[in-house]
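Here are the chains, one letter per residue:
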Amino acid sequence: MFRLVGARTINTQWRLGVMARFFGLLLWHSGSSFRRLRLTLREIYFSGVLSLTIILISGLFVGMVLGLQGYETLQRYGSEEVLGTLVALSLVRELGPVLAGLLFASRAGSAVTAEIGLMKATEQLAAMDMMAVDPVARVVAPRFWGGVISMPILALLFSAMGVFGGYLVGVVMIGIDSGSFWSQMQASVDFRNDIVNGVIKSVVFGVAVSLVAVFEGFDTDGTAEGVSRATTRTVVTSSLAILGLDFILTSFMFRG
Amino acid sequence: MNRTTIDLWVGIFVTLGALALVFLALKVGNLSGGQIRSPYSLTANFDNIGGLKARAPVKSAGVVVGRIQEIHLDKQHYQAVVTIQMDGRYTFPKDTFATINTSGLLGEQYIGLEPGGDPDDLKPGDVIKKTQSAVVLEKLISQFMFSKAAEGPATK
């Protein structure tokens, strides 16, 4: 039993080390993904633009649910006007980056893993190596940077959509005064402390999700089963990474 | 998928993201109105600040004229020293009176400034001398109860 624990520990450590070296290699080769911007743009299209629908719709519904639930609780204390504050702060600080990150991991991260994994299984990566095209620079780096660039944009859109959803439910449906909804929100949301910190969070999540996705894809066994296992692992690992990182970042950012 | 379509969609995507940031900054975060122009700082000492927090507003006649920058304890006199960033457009007389008020019954606390009649104005870095502490509800209640208890038997 102890042997099993030991083996697991060593294995995890080893994988972390490989991942860190892979990250270094990726950063080393990422110059080309900006010199050949076309490749990165393509990846922004695939992981960012095609995720728009799910992000916008989820943002709208999360905001609407926040509006309803927040109203239910706040009206007991006779302070419905702070609904705007509640919706905006919870979206901008937490729900926007985290939920957008989770959706991004399952929508785009898994697709990137499957794509790279399949390229490896069909030996396209090996073929590239033979033609003296570095697969890390040609395949991995653009996908990584595409994800890193898309993620904050998606999180911002999620938050904006959520605030709009909260407005729809709070002001249009329930009938809270529109002026106090916005003014209470503006009085308590700070650009530097809330919005910029939210953006920083989403950039960190973007790096984490994209790194996990490309690494798992690059690291698959070249079989159908291996690709499917890697895809699952991407979603699980990056979701856990998002939640863990979120706790760490929050405890640094919003301590006082 | 040809190149120009991808370019178009990425362009739309990035523009939407920028618009969302502008929306959050202006409409939600009020970046435009929250900034204090050419600020100068004042300090005020209070015996008790209650629940006053940094970044709380400083108001005069209900208008926001500054924000609290920092609060710390003076080790010699055991008083709270509150540093205020005042809007450069407003100046106040030297004998301005600073009180800690609460907006609404449960609202956040802020500093209210009531101007006096001194011809000289407060200069950057000056100390507001006349201050009134926050009202502590427990003290108020106990005062009320003791005074009731003291007068109770006499009126009977």
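What you are looking at is a predicted structure, and each value in this text was computed from that prediction instead of being measured.

About the thresholds
- Residues numbered from 1 in each chain as written.
- Chains lettered and ligands numbered in written order.
- Predicted model: local features only at pLDDT ≥ 70, side-chain atom pairs only at ≥ 80, totals over all residues.
- Heavy atoms only, no water.
- Helix = DSSP H or I, 4+ residues; strand = E, 2+ residues; numbered from the N terminus.
- Buried < 20%, exposed > 50% of the residue type's maximum accessible area, 1.4 Å probe, protein only.
- Contact = heavy atoms within 4.5 Å.
- Areas by Shrake-Rupley, 256 points an atom, 1.4 Å probe, with all protein chains shown as cover.
- Lys, Arg positive; Asp, Glu negative; His and termini not counted.
- Charge placed at Lys NZ, Arg CZ, Asp CG, Glu CD.
- 1 Å grid on protein atoms, 1.4 Å probe; cavity = no way out; pocket = protein on both sides within 12 Å on 5 of 7 lines; lining within 4 Å.
- Points joined across faces, edges and corners; volume = space filled by probe spheres on them.
- Nonpolar A, V, L, I, M, F, W, Y, C, P; charged D, E, K, R; others polar.
- Salt bridge = Lys/Arg side-chain N within 4 Å of Asp/Glu carboxyl O.
- Pairing = 2+ DSSP bridges.
- Domains from an automatic or database assignment.
- Buried area = accessible area lost by both parts, 1.4 Å probe.
- Polar contact = N/O pair within 3.5 Å; in protein donor to acceptor, adjacent residues only side chain to side chain.

Colleague: An account of the overall build of chain A is needed here, citing residue identities and associated values.
Modeller: Along chain A, the regular secondary structure elements total 10 helices and 0 strands. Put simply, chain A runs from its N terminus to its C terminus through helices and strands in the order α-α-α-α-α-α-α-α-α-α. Summarising its shape, the C-alpha atoms of chain A cover approximately 70 × 50 × 30 Å along the three principal directions. Across the 256 residues of chain A, 46% fall into the buried class. Relative to all contacts within chain A whose residues are 6 or more apart in sequence, the contacts with residues 24 or more apart total 84%. Accessible surface, chain A as shown: approximately 12,500 Å² in total, 66% of it carbon and sulfur. Side chains of chain A carry 19 positive and 17 negative charges; the gap between the two charge centres is 9 Å.

Colleague: Tell me about empty space enclosed by the protein, and please be specific about residues and values.
Modeller: Rolled over the atoms, a probe sized like a water molecule indicates the empty space that remains. Evaluated as defined, the whole model comprises 2 cavities of 30 Å³ or more. What lines the largest cavity is simply Glu43(A), Ser47(A), Phe104(A), Ala108(A), Gly109(A), Val112(A), Arg143(A), Gly147(A), Val209(A), Ser210(A), Ala213(A) and Val214(A). Elements that contribute at least two residues to the lining of the largest cavity include exactly helix H3 (37-48), helix H5 (83-121), helix H7 (135-174) and helix H9 (191-218) of chain A. Partitioning the lining of the largest cavity into residue classes produces 6 nonpolar, 4 polar and 2 charged. Counted as a void, the second largest cavity has a volume near 60 Å³. Along its surface, the second largest cavity is lined by Val92(A), Pro97(A), Ala155(A), Leu156(A), Ser159(A), Ile195(A), Gly198(A), Val199(A), Ser202(A) and Leu24(B). Residue assignment for the lining of the second largest cavity shows that the elements contributing at least two residues are H5, H7 and H9 of chain A.

Colleague: Before we move on, can you summarise the layout of surface pockets with the specific residues and values?
Modeller: Residues and elements named next belong to chain A. By volume, the second largest pocket is sized at about 290 Å³. Forming the boundary of the second largest pocket are Arg8, Asn11, Thr12, Trp14, Arg15, Leu16, Met19, Phe215, Glu216, Arg233 and Thr237. For the lining of the second largest pocket, the elements supplying multiple residues, two or more each, are helix H1 (2-28), H9 and helix H10 (224-253). Tallying contributions element by element places H1 first for the lining of the second largest pocket, with 7 residues. Of the residues that constitute the lining of the second largest pocket, the class distribution is 4 nonpolar, 3 polar and 4 charged.

Colleague: Tell me about the pattern of salt bridges, and name the residues and values.
Modeller: The full count for this structure, using the stated rule, is 12 salt bridges over all chains. Of the charged contacts in the structure, one is a salt bridge between Arg15(A) and Glu216(A), with a shortest N-O distance of 3.2 Å. Placement of the pair is Arg15(A) in helix H1 and Glu216(A) in helix H9, with a sequence separation of 201 residues. The class for Glu216(A) is buried, based on a relative accessible area of 5%. Asp7(B) is paired through a salt bridge with Arg38(A); the nearest N and O atoms lie 2.8 Å apart. Of the two residues, Asp7(B) sits in helix H1 (residues 3-28) while Arg38(A) sits in helix H3, which places them in two different chains. A relative accessible area of 37% places Arg38(A) in the partly exposed class. One network of salt bridges, in which partners are shared, links Arg15(A), Glu216(A), Asp219(A) and Arg233(A).

Colleague: Which residues make up the sheet that holds strand S4 (residues 79-86) of chain B, and what values go with them?
Modeller: With respect to topology, 8 strands assemble into an open sheet ordered S7-S1-S4-S3-S2-S6-S5-S8 (chain B), the strand pairing being mixed. Each edge of the open sheet carries a strand with a single partner, namely strand S7 (127-128) and strand S8 (130-132) of chain B.

Colleague: So what about the domain arrangement of chain B? Which residues, and what values?
Modeller: Many analyses report the size of an interface as the accessible area lost when the parts associate. Examined at the domain level, chain B breaks down into domain 1 (1-35) and domain 2 (36-136). Look at where the C-alpha atoms of domain 1 of chain B and domain 2 of chain B centre, and you get two points 39 Å apart.

Colleague: Go over the pairing of S4(B) with me, naming the residues and quoting the values.
Modeller: All names here are of chain B. Extensive coverage of S4 is indicated by the burial of 6 of its 8 residues. Of the pairings in the sheet, the one linking strand S1 (residues 40-46) to S4 comprises 7 bridges and is antiparallel in character. Residue Tyr40 lies in a different strand from S4, and its bridge partner there is Met86. With 8 bridges connecting them, strand S3 (residues 63-74) and S4 associate as antiparallel partners. Bridging from a neighbouring strand, Gly66 pairs with Met86 of S4.

Colleague: Tell me about the interface of chain A and chain B, and please be specific about residues and values.
Modeller: Contact with chain A, which involves 26 residues of that partner, is made by 22 residues of chain B. Buried surface at the junction of chain A and chain B, summed over both partners, amounts to about 2,300 Å²; 79% is from carbon and sulfur atoms. Ranking the residues of chain A by area buried against chain B places Arg38(A), Tyr45(A) and Gln186(A) at the top, with a combined share of 24%. Seen at the junction of chain A and chain B, the total is 1 salt bridge. Between chain A and chain B we count 1 residue pair in polar contact (both at pLDDT 80 or more) in total. Breaking the side of chain A that touches chain B down by element, the ones donating at least two residues are H3, H5, H7, helix H8 (178-188) and H9 of chain A. With 8 residues, H7(A) is the largest single contributor of residues to the side of chain A that touches chain B. Class assignment for the residues of the side of chain A that touches chain B results in 18 nonpolar, 5 polar and 3 charged.

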